[in-house]
Amino acid sequence: MSGFVPTAASYRPGDRTLPGEYYTSPEVLARDLDRIHARSWLCAGRSTELTEAGQYLVRGVGPDSAILIRGKDGSVRGFHNVCRHRGTRLLDAERGTVSGTIQCPYHAWTYDLEGRLRGAPHMQDVPDFDPSGHSLHPVEVEEWEGFLFFRLVPGGEPLGAQYGQMTERVARFRLGGLRPARRIGYEVRANWKLVLQNFSECLHCPVIHPALSRLSPYLSGANDLTEGPILGGYLTLADGVGSMTLSGRTCARPVGELPDEDHARGYYYSLFPNLLLSLHPDYVMYHLVWPVAPDRTRIECEWLFHPDASADDSFQPDEAVGFWDMTNRQDWHICEQSQAGVASRAYRPGPYSPRESLLAAWDRAYLAALGGFEPQG
Amino acid sequence: MSGFVPTAASYRPGDRTLPGEYYTSPEVLARDLDRIHARSWLCAGRSTELTEAGQYLVRGVGPDSAILIRGKDGSVRGFHNVCRHRGTRLLDAERGTVSGTIQCPYHAWTYDLEGRLRGAPHMQDVPDFDPSGHSLHPVEVEEWEGFLFFRLVPGGEPLGAQYGQMTERVARFRLGGLRPARRIGYEVRANWKLVLQNFSECLHCPVIHPALSRLSPYLSGANDLTEGPILGGYLTLADGVGSMTLSGRTCARPVGELPDEDHARGYYYSLFPNLLLSLHPDYVMYHLVWPVAPDRTRIECEWLFHPDASADDSFQPDEAVGFWDMTNRQDWHICEQSQAGVASRAYRPGPYSPRESLLAAWDRAYLAALGGFEPQG
Amino acid sequence: MSGFVPTAASYRPGDRTLPGEYYTSPEVLARDLDRIHARSWLCAGRSTELTEAGQYLVRGVGPDSAILIRGKDGSVRGFHNVCRHRGTRLLDAERGTVSGTIQCPYHAWTYDLEGRLRGAPHMQDVPDFDPSGHSLHPVEVEEWEGFLFFRLVPGGEPLGAQYGQMTERVARFRLGGLRPARRIGYEVRANWKLVLQNFSECLHCPVIHPALSRLSPYLSGANDLTEGPILGGYLTLADGVGSMTLSGRTCARPVGELPDEDHARGYYYSLFPNLLLSLHPDYVMYHLVWPVAPDRTRIECEWLFHPDASADDSFQPDEAVGFWDMTNRQDWHICEQSQAGVASRAYRPGPYSPRESLLAAWDRAYLAALGGFEPQG
């Protein structure tokens, strides 16, 4: 029994694509970063990356950089990657481990894993210097189903307000216990919103993804979450297809205790604003989407498997990785073609079809998060 | 008998170069593209490139992109390279052929060669969707002497209003029937206006082009068209020189039925805003000039010959190509030196000499096309 | 006997680092270039580079370029590197020699070594053209202790008003007669101010420069000039150390007639806005700092020795060059980490320690030179 209950489609005739400035203007990107990325829960990756005290993950969001680090008490905390002395970036590598403290590489200001300033050479000579007023600036951190999330600007709703609705939906996939097998990074010359919109429909699949379309016809599924910050649904696998892989056969043992119908489906959810989650019977794939410039986006894609899958002779993760790496590149290419086109003076918002109702819903969620704003053409 | 009748020189003492902002400011380039390139007839290349139905040429103008494509009725039409659905760029390659329709690579919206929407998956489910309201945005196209021209923003005068005066002048060169032998592309780190100004005088030839100056002394000619959007004149070949080639000898049979005087001349015309036309007894060269950034310009240069020239043992196109490729590179280098200099705080408009009267005329034509505008220093 | 008399330290509790915009904003960099670099005496290098008439040095300052050239009368003059005709950059190479005149590579306008226009083809045909009104735009030049300085915008105080106080302080090092042995250029992805601030304290030395710290403990010295455009002091060499070199031994004969205490010291001065001067018993090193972009700086470092040093068997300049090339790269790396950090939304001005009093003084000198100005965050 899955938690999947298709809701009424939310297609509204007359829905149209966003004006071009939303994809090309530096001012809009600055506002995206400020209003959305700095104030939203962003997925940083998997909590299993941080198994021991001092292990950390560094995530860049525009000019900002966040440290997520596991403390001696076992919890993961977040800090701005900025020394309180002269502002130096504290940790340079994207992943690593510190031994007990975070020390600034410039003048050795030293913070414990809870962000408190523990050492600051010569500052004892400064009258009234109060170390407790110079803790690292905190970044909020929460965990959900094995994924780590952070929020640069504190305040606002807890993660559960947005993600609670997903918990029951995905429980049977046992996401919290899955293990990563492979990670691939991509640079795409397109606005981050085009990447998310691309994920939100399979109308393009027959044109762009012939291999995918053979495994899973684009009209085979239904949308599930059709309004709000989490959007998605499922596609059904074609007869005789076991999973979305190069061969069409499953490449690992099932990720969880799945009912029969789930063995014939792939579920696809976009979780505003930076997580794309794809659930298959034998693996889970997720994309993290990081805006870099109006026309540039960095994407990190990772594949997760049952924690014991690698013990099986049948374990062939490259079947899933290879299939999606090919599919990803097809998507990035068409996103780049879209970016080029919407930058043209001739581009005008065009009509969404009923098969693109999620994009219209995504645009609504985006505009609501952005707040009242009219880009200057 | 040539159509060449030199007019009175238009030199006006006191004419000075343009202020530096015209060459360095992003705002001026944006205005150049909007007021001039989008609203002028731009040369796209040769109509002989498009011999069969479905054959196309794609031309970028700043963020815009135009498709020129031959229809089943034999005529060439132009369209903005932007799908009416979600704005995707329809054709990626600069040259190619489609079979009967233009299909968007994203969701397969399909247009016939007249730009009419013929297929749009699932749009039949949209109440009141009218395909006839979703034709490709048209781009005007005209042909002149085998050259294709397009205009992004419809309206304004037909091509003949500007080019009519040239027709009789060049008729004897039989431009319409010439065949291309070679094309070379260049990237120049200078403003597009510096490239056109550089073409408009040979005062620099003794300094920059010693080889050219031996073949054709810079004081040997006269200007012909000295005011307006088409400017130019001729230089006379030195005694014993047959053409502007590496050896100084002709490298192909005459391009047309040329009178004696034309066998001792090279004609050079700049046709506002993007075509440079050089007519020699045995070949014709043209440059297309495409602004990319305030300090970057893409140039495409092509050499045309008599349609039967390649049948001759005497046919040595590399003699012309090699000569001008060397000369082009000398010009691009000095344009880059000019770009660096006019960006300086010390640069002030300087005086044009009588040998630079065409530049002053070109600047006037440019400023008139730009419209009233004061760049902010 | 050295001229060194330590003054009272100028530390003011409460001094804090500059706001982030000063390091990241294009508007601030434009103002830095206009208010500071264009109107200050900038060090261009050594006058010994220009030994004969016609020998020149070209220096870029943002979009500007200055020529410093030795005249037939033996004096060095400065000119904007901009032809008065069409603005072309006259000299392309950073160093070279012209034979008697500076000739524009475009149309051969020709200037004598005093900047007067001596030839301008065809300008004699222009009524009222006055060559004397078309001299090269002058750049002020002064020399101090063998260093050449220039100022793009004429006016303001002579060099001596700023540098006079240094003359007695450094006289015994005989700077005027030293000879260069090596020059190294660097590109740093950090704001120019971070480079100067980095030079102005050795609090970072134990963390960043372990080798340097062994030779010269960071608490071993004292500041000398603690307020104003020239700031600095000395560090003492550890027992048994002869100089700041890879081996810790001197690598050349003494640069001047030095008192005993100077054989155990290194002196470090920053001379606003672009010269860093390091005086050691056996060599002198200087850095020239050239802003390129808000987050990019070009640095040129040169090592000077006693004019007869190369005659000695003991002459091993690579001992000094290698030591500082390593140390330079350590500094540039941390400057780049600082640049990344201060660009973050979480960065706030932080407290300077008493060991960073020169930075606070440097910031004050910088803000005074910049003039009243509030960057927009």
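Note: the structure precedes this text.
What you see is a predicted model, and the numbers here were worked out from it, not measured in a lab.

Draft legend 1. Layout of the pattern of salt bridges. Within the structure shown, the criterion is met by 99 salt bridges over all chains. With a shortest N-O distance of 2.8 Å, R151 of chain B and E140 of chain B are connected by a salt bridge. Of this pair, R151 of chain B sits in strand β10 (residues 147-151) while E140 of chain B is found in strand β9 (residues 138-144), placing the two residues 11 residues apart along the sequence. By relative accessible area, E140 of chain B is classed as partly exposed at 26%. E300 of chain C serves as the salt-bridge partner of R95 of chain C, at 3.2 Å between the closest nitrogen and oxygen. Taken together, the residues R95 of chain C in strand β5 (residues 95-97) and E300 of chain C in strand β17 (residues 296-305) connect sequence positions 205 residues apart. You can call R95 of chain C partly exposed: its relative accessible area is 25%. Each of the salt bridges in this network shares a partner with another, and the network as a whole consists of E49, R59, E94, R95, R183, R298, E300 and E302 of chain A.

Draft legend 2. Focus on the interface of chain C and chain B. Each side of the interface is counted separately: chain C has 31 residues, and chain B has 34 residues. With both chains or domains summed, chain C and chain B bury close to 2,500 Å², and 58% of this area falls on carbon and sulfur atoms. Of all residues in chain C, the largest losses of buried area upon contact with chain B belong to R86, Y106 and H122 of chain C, amounting jointly to 29% of the total for that side. The interface formed by chain C and chain B holds four salt bridges in total. For the salt bridge of D64 of chain C with R345 of chain B, the shortest nitrogen-to-oxygen distance reads 3.3 Å. Taken together, the connections running from chain C to chain B amount to 12 residue pairs in polar contact (both at pLDDT 80 or more). The class makeup of the residues in the side of chain C that touches chain B is 15 nonpolar, eight polar and eight charged.

Draft legend 3. Focus on the state of the cysteines. Residues and elements named next belong to chain A. Throughout the structure, instances matching the rule amount to three disulfides over all chains. Covalent S-S linkage joins C202 and C205, the inter-sulfur distance amounting to 2.0 Å. One disulfide, between C202 and C205, carries an S-S torsion of -110° and so falls in the left-handed class. Note on accessibility: C202 and C205 belong to one class, buried. A disulfide-free cysteine, C43 has its sulfur positioned 12 Å from the sulfur of C301, the nearest such atom. The exposure class of C43 is buried, given its relative accessible area of 0%.

Draft legend 4. How the structure looks around the sheet that holds strand β7 (residues 110-112) of chain A. Residue and element names in this part refer to chain A. Ordered by their spatial adjacency, three strands build an open sheet running β6-β7-β8, and the pairing between neighbours is antiparallel. Unpaired on one side and paired on the other, β6 (101-103) and β8 (117-119) mark the two borders of the sheet. Taken pair by pair, the neighbouring strands of this sheet meet at an average axis angle of 35°, ignoring direction. Taken together, the three bridges between β6 and β7 define a ladder with antiparallel strand orientation. Looking at the pairing, I102 lines up with Y111 of β7.

Draft legend 5. Representation of helix α4 (residues 192-199) of chain C within the structure. Residue and element names in this part refer to chain C. Burial analysis of α4 places eight of its eight residues in the buried class, which makes it a mostly covered element. Burial in α4 covers these residues: W192, K193, L194, V195, L196, Q197, N198 and F199. Capping the start of α4 is the job of one residue whose side-chain oxygen sits 2.9 Å from the backbone nitrogen of K193: N191.

Draft legend 6. View of the side chain of R70 of chain B. All names here are of chain B. Looking at the element boundaries, R70 is found in strand β3 (residues 64-70). Buried within the structure, R70 lacks any salt-bridge partner; E143 is the closest side chain of opposite charge, at an N-O distance of 4.9 Å. Among the polar contacts listed, one links the side chain of R70 to the backbone oxygen of S47, at a separation of 3.3 Å. Reaching out from R70, the side chain makes a polar contact with the backbone oxygen of G74 at a distance of 2.6 Å. For R70, the contacting residues outside a window of four places in its chain are S47, L50, T51, E52, A53, G54, Q55, S75, V76 and L113.

Draft legend 7. The arrangement of the environment of L277 of chain B in detail. Residue and element names in this part refer to chain B. Checked against the element boundaries, L277 lands in strand β15 (residues 275-279). The exposure class of L277 is buried, given its relative accessible area of 0%. For the pair formed by L277 and H287, sequence separation is 10 residues and the distance between their alpha carbons is 6.7 Å. Residues in contact with L277, not counting those within four places in the same chain, are W144, F147, M166, L175, F199, Y267, Y268, Y269, L271, V284, M285 and Y286.

Draft legend 8. Expanded view of the relation of the copies chain B and chain A. Superposition of chain B onto chain A requires a rotation of 120° combined with a translation of 0.0 Å along the rotation axis, giving an RMSD of 0.1 Å. With respect to symmetry, the two chain copies, as superposed, fit the operation of a three-fold axis. Minimal C-alpha distance to the rotation axis in chain B is attained by P26 of chain B, lying at 8.2 Å.

Parameters at a glance
Residues numbered from 1 in each chain as written. Chains lettered and ligands numbered in written order. Predicted model: local features only at pLDDT ≥ 70, side-chain atom pairs only at ≥ 80, totals over all residues. Heavy atoms only, no water. Salt bridge = Lys/Arg side-chain N within 4 Å of Asp/Glu carboxyl O. Helix = DSSP H or I, 4+ residues; strand = E, 2+ residues; numbered from the N terminus. Buried < 20%, exposed > 50% of the residue type's maximum accessible area, 1.4 Å probe, protein only. Contact = heavy atoms within 4.5 Å. Buried area = accessible area lost by both parts, 1.4 Å probe. Polar contact = N/O pair within 3.5 Å; in protein donor to acceptor, adjacent residues only side chain to side chain. Nonpolar A, V, L, I, M, F, W, Y, C, P; charged D, E, K, R; others polar. Disulfide = S-S within 2.5 Å. Pairing = 2+ DSSP bridges. Axes fitted to C-alpha atoms, helices over the stretch in contact; angles between N-to-C directions. Lys, Arg positive; Asp, Glu negative; His and termini not counted. Least-squares fit on C-alpha atoms with pLDDT ≥ 70 in both.

These results come straight from atomic positions and should not be treated as a statement about function.
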